[in-house]
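Single-letter residue listing:
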Amino acid sequence: MKKTIITIVIIIAALGVIGYILNNNKKENKAKTDIVAEKNAAVSVKVAAVKTEEVSLSFVANGNFEPIQELTFSAEKSGKVISVLAKEGDYVRVGQTLLTVRGDVINVSAQQAQAVYQNAKSDYARYENAFKTGGVTKQQVDQAKLALTNAQSSLTQANINVGDTKVKAPINGFINKKYIEPGSILSGMPATALFDIVNVSKLKLKVTVNESQVASLKVGNAVNITASVYPDKAFSGKITFIAAKADESLNFPVEIEIANNSDNDLKAGMYGTGNFGSKQQKQNLMVVPRNAFVGSVSSNEIFVVEKGIAKLRKVTAGRILGDQVEIINGLTDGETVIVTGQINLQDGNTVEIIK
């Protein structure tokens, strides 16, 4: 029993010594950590100065050219193609016959409709004269007039059917693709595709601009256009559409209409650039680097260095001008803003400026 008590006392004493040693080690480690933390408390950052300078207000936006008109032309009536009068690459005009459809049965029907119409016309004239002398009743005259009206309607429809045997171009443009050949059978339901017609006498350049850029644009404004494949050629365009609502990326779609040159050098699908404003359009503006903003420009928050301390400042951003942003309110010339290292910063942190 005595030995058991002595063993327990020894164990308790050993545990106490171990606890004491661990506690001292913890205090020593904390002291060392506090010293290191004190030495490394300053966050390393890069900075830039707020300044007012002359800034160009011109900007560019890229997009692809689209045709002013584009149509996949389909058959309205059924029938067998007899001849195709246009091939891919041909330029066609509105009303030009592109193909003919078998029309012998249709022509016979039209001749019959013509004969019925002429007979109804003669009958109506005869009944009308006879009515004047009392030879027929008013009812008989009305029936003859109705027959004439019906015959005229049938003849009109027959003539339309005859006209449909000559399929004509609905718009001006180039035949970009041909889907049929002589002998093809056309179907009205579903409609058989005949031609793709593309009008590139004018084109549209669709681009997107941000909110600060769209504020300076108006429908009708002239825009200088360049195409990537023709760096030495300039084209003139005008703004025809500005979206009233931004897209999902918070940019505004803008359409520019361009008149093609006489050689139709511009093709739909080419890559183009809209040059908005001019190099002469300049203005003195207070600006900071775009990467000075915490998160994004829309946050309107910037860290300013004051006596080695980072201070989070609320500002009012204006136009985005390339890699710079206009500052409307919240900063003054000569102040120092942090441009890198914000991810590690909190308001009030000590900072170390690095080059």
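Criteria and cut-off values
- Residues numbered from 1 in each chain as written.
- Predicted model: local features only at pLDDT ≥ 70, side-chain atom pairs only at ≥ 80, totals over all residues.
- Heavy atoms only, no water.
- Buried < 20%, exposed > 50% of the residue type's maximum accessible area, 1.4 Å probe, protein only.
- Helix = DSSP H or I, 4+ residues; strand = E, 2+ residues; numbered from the N terminus.
- Pairing = 2+ DSSP bridges.
- Axes fitted to C-alpha atoms, helices over the stretch in contact; angles between N-to-C directions.
- Core = buried A, V, L, I, M, F, W, Y, C linked by side-chain atoms within 4.5 Å.
- Contact = heavy atoms within 4.5 Å.
- Lys, Arg positive; Asp, Glu negative; His and termini not counted.
- Salt bridge = Lys/Arg side-chain N within 4 Å of Asp/Glu carboxyl O.
- Polar contact = N/O pair within 3.5 Å; in protein donor to acceptor, adjacent residues only side chain to side chain.
- Phe/Tyr/Trp six-rings, centres within 6.5 Å; stacked < 30°, edge-to-face > 60°.
- Lys NZ or Arg CZ within 6 Å of the ring centre and 35° of its normal.

Moving on, we come to the pairing of strand E6 (residues 97-101). Of all five residues making up E6, four are buried, and the element is well covered by its neighbours. Both strand E4 (residues 79-84) and E6 contribute to a ladder of three bridges, which runs antiparallel. Counterpart to Val81 in the pairing with E6 is Val101. Across three bridges, the pairing between E6 and strand E7 (residues 166-168) is antiparallel. Residue pairing in the sheet places Leu99 in a bridge with Val167 of E7.

On to the sheet that holds strand E2 (residues 51-56), then. Taken in spatial order, the four strands of this open sheet run E2-E15-E19-E18, and their pairing is antiparallel. With partners counted over all chains shown, the strands left at the sheet margins are E2 and strand E18 (316-321), one partner each. Between one strand axis and the next, the sheet turns through 55° on average, direction left out of account.

This part covers the nonpolar core. Phe65, Val209, Ile225, Ile256, Ile258 and Phe276 are the most contacted members of the largest nonpolar core, which has 23 residues in total. Every element with two or more residues in this core is listed here: strand E3 (59-74), strand E10 (193-209), strand E11 (222-227), strand E12 (230-242) and strand E13 (252-259). For this core, the leading source of residues is E10, giving six residues. In this view, Ile256 contacts Leu203, Lys204, Leu205, Val207, Val223, Ile225, Gly237, Lys238, Ile239, Thr240 and Phe276; residues no more than four positions away in its chain are not counted.

Among the structural elements, Asp196 can be located in strand E10. For Asp196, which is buried and forms no salt bridge, the nearest opposite charge comes from Lys177, at a distance of 6.6 Å. Reaching out from Asp196, the side chain makes a polar contact with the side chain of Thr72 at a distance of 2.8 Å.

According to the stated counting rule, one finds twelve salt bridges in the structure shown. Here Asp90 ties to Lys87 by a salt bridge, and the two come within 3.2 Å at their closest N and O atoms. According to the relative accessible area criterion, Asp90 is partly exposed, its value standing at 21%. Put simply, Asp142 and Lys138 hold a salt bridge, and the shortest N to O gap is 2.8 Å. With Asp142 and Lys138 both in helix H3 (residues 138-163) and four residues apart, this pair spans about one turn of that helix. On the basis of relative accessible area, Lys138 is assigned to the partly exposed category, the value being 46%. Among the charged side chains, a network of salt bridges with common partners joins Glu66, Lys206 and Glu255.

So, about the packing of aromatic side chains. The final tally for this structure, using the stated rule, is two aromatic pairs. The interplanar angle of 65° and the centroid separation of 5.1 Å between the aromatic rings of Tyr91 and Phe174 together place this pair among those described as edge-to-face. Here Tyr91, found in strand E5 (residues 91-92), pairs with Phe174, found in strand E8 (residues 173-178); they are 83 residues apart in sequence, far enough to count as distant. Tyr91 sits in the partly exposed class, given a relative accessible area of 35%. When its relative accessible area of 28% is taken as the criterion, Phe174 is described as partly exposed. For Lys233, the ring lying beneath its charged end belongs to Tyr230, and the centroid distance is 4.9 Å.

Let us now look at the sheet that holds strand E9 (residues 185-186). The strands that make up a sheet pair up through hydrogen bonds in the backbone, lying either parallel or antiparallel. Strand order in the open sheet formed by four strands is E7-E6-E4-E9, and the pairing between neighbours is antiparallel. Both edges of this open sheet fall to E7 and E9, since each of them pairs with a single strand only.

On the secondary structure map, Ile354 appears in the segment after strand E21 (351-353). Accessibility expressed as a relative area gives 36% for Ile354, which makes it partly exposed. A sequence separation of 311 residues divides Ile354 from Val43, and the C-alpha atoms of the two residues are 9.9 Å apart. When near neighbours in sequence (up to four residues on either side) are disregarded, Ile354 contacts Ser44, Val45 and Lys46.

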